[in-house]
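Take a look at the letters that make up each chain.
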Amino acid sequence: MSYFSRHNTNELGKTFLWSCMAAQISFSFIFFLSSIRSSHASVRSLSSKYLFSCLLGALSCWLMMNDWGIPHRSESGRTFYSIRYLDWLISAPLLLWEIGNLSKASFTLGGTIVLLIDGIIICSVMALYSSGVYIWRWFGAGCFGSVVFLFIFISETSGLHQYHGFKSTILVIAVFLYCLGWGLCEGGQIIPVDFTHLWFSILDFAVKCVFPFIVLLLLSNNSQHIKSQ
């Protein structure tokens, strides 16, 4: 396979995937320790879910590195990996459900948030398997769903939790960058496959590793503060 092939995963792309896999496995170890050592039940529960999310992401990277990630070729010959979307379809609702719980959202609101984010991901998958103008129709539907999702989450959970502003800001940035990345990489095919892996690897690392780690730190510090009072 040519190193400069725009439409396939080359050695550079495999390096990006390997780095993302290694990072997620490393944070999986941190979340595992937190899940068994923390004295606070909510921290242990969150750590277990973050652990599962990271392991799932690492498996996804490994499968794509070996070209086993349910590859699909578009009409232009570009390779897409459906396993990436399957990973998001499982892990995104899981993480958002916990964010909703932290924000003390109701069960109905939490369920609505989960359904919306899954709907956005499904729109992206449908766009992958479409052609012509239908690609952008599905992408537009996903973007519209993203706006609705962010509006509902931010407006309905406002003031319910002390870290609401922090979580909302991160969520808005992440959703915007995922949508932008899809438009430039998978939809517009402007960015080669290798750098598509880089784009989404950085986002996955931030969303699955860095953000959860910060949340656990904040929760742990808050729990220690309550106990000390």
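Residues numbered from 1 in each chain as written. Predicted model: local features only at pLDDT ≥ 70, side-chain atom pairs only at ≥ 80, totals over all residues. Heavy atoms only, no water.

## Examining the pattern of salt bridges
A side chain with one charge may pair with a side chain of the opposite charge, provided their charged atoms come close. In the structure shown here, the tally under the stated rule is 3 salt bridges. Glu186 serves as the salt-bridge partner of Arg78, at 3.8 Å between the closest nitrogen and oxygen. Of this pair, Arg78 sits in the loop between strand E1 (71–73) and strand E2 (79–81) while Glu186 sits in helix H6 (residues 164–187), and the two are 108 residues apart along the sequence. An identical accessibility class is assigned to Arg78 and Glu186; each is buried. (Salt bridge = Lys/Arg side-chain N within 4 Å of Asp/Glu carboxyl O. Helix = DSSP H or I, 4+ residues; strand = E, 2+ residues; numbered from the N terminus. Buried < 20%, exposed > 50% of the residue type's maximum accessible area, 1.4 Å probe, protein only.)

## Quick word on the environment of Ile170
Tracing the backbone shows Ile170 in helix H6. Assessed through its relative accessible area of 31%, Ile170 is described here as partly exposed.

## A closer look at the confidence of the model for the protein chain
Of the residues in the protein chain, 89% reach a pLDDT of 70 or more, and the chain-wide mean stands at 87. The weakest mean pLDDT in the protein chain belongs to helix H7 (residues 193–228) at 83; the strongest belongs to helix H1 (residues 11–37) at 96. Confidence drops under a pLDDT of 50 for residues 225–229, and excluding neighbours within four residues, the segment shows 1 contact in the predicted structure. (pLDDT = per-residue confidence, 0-100. Contact = heavy atoms within 4.5 Å.)

## Focus on the side chain of Ser60
By the element assignment, Ser60 lies in helix H2 (residues 41–65). If we skip the residues at most four places from it in the chain, Ser60 touches Ile83, Arg84 and Asp87.

## Some points on H1
Taking 1.5 Å per residue as the helical rise, H1 with its 27 residues ought to reach 39 Å, and the 39 Å between its terminal C-alpha atoms agrees with that figure. Of all the residues in H1, the buried ones are Gly13, Phe16, Leu17, Cys20, Met21, Gln24, Phe27, Ser28, Phe31, Ser34 and Ser35. (Expected span 1.5 Å × (residues − 1).)

## Brief notes about the nonpolar core
In this structure, Phe31, Tyr50, Leu96, Phe149 and Trp182 are the most contacted members of the largest nonpolar core, which totals 40 residues. Only H1, H2, helix H3 (82–102), helix H4 (107–128), helix H5 (133–157), H6 and H7 provide two or more residues apiece to this core. Among residues more than four places away in sequence, those in contact with Phe149 are Leu96, Ile113, Leu116, Ile117, Ile120, Leu171 and Val175. Residues Met21, Cys61, Leu63 and Tyr81 belong to the second largest nonpolar core, which totals 10 residues. (Core = buried A, V, L, I, M, F, W, Y, C linked by side-chain atoms within 4.5 Å.)

## Brief notes about the state of the cysteines
Here is the idea: a disulfide is a covalent bond, and it sits between the sulfur atoms of two cysteines. One pass over the full model with this rule turns up 0 disulfides. Not engaged in a disulfide, the cysteine Cys54 finds its nearest cysteine sulfur in Cys209; these two sulfurs lie 3.8 Å apart. (Disulfide = S-S within 2.5 Å.)

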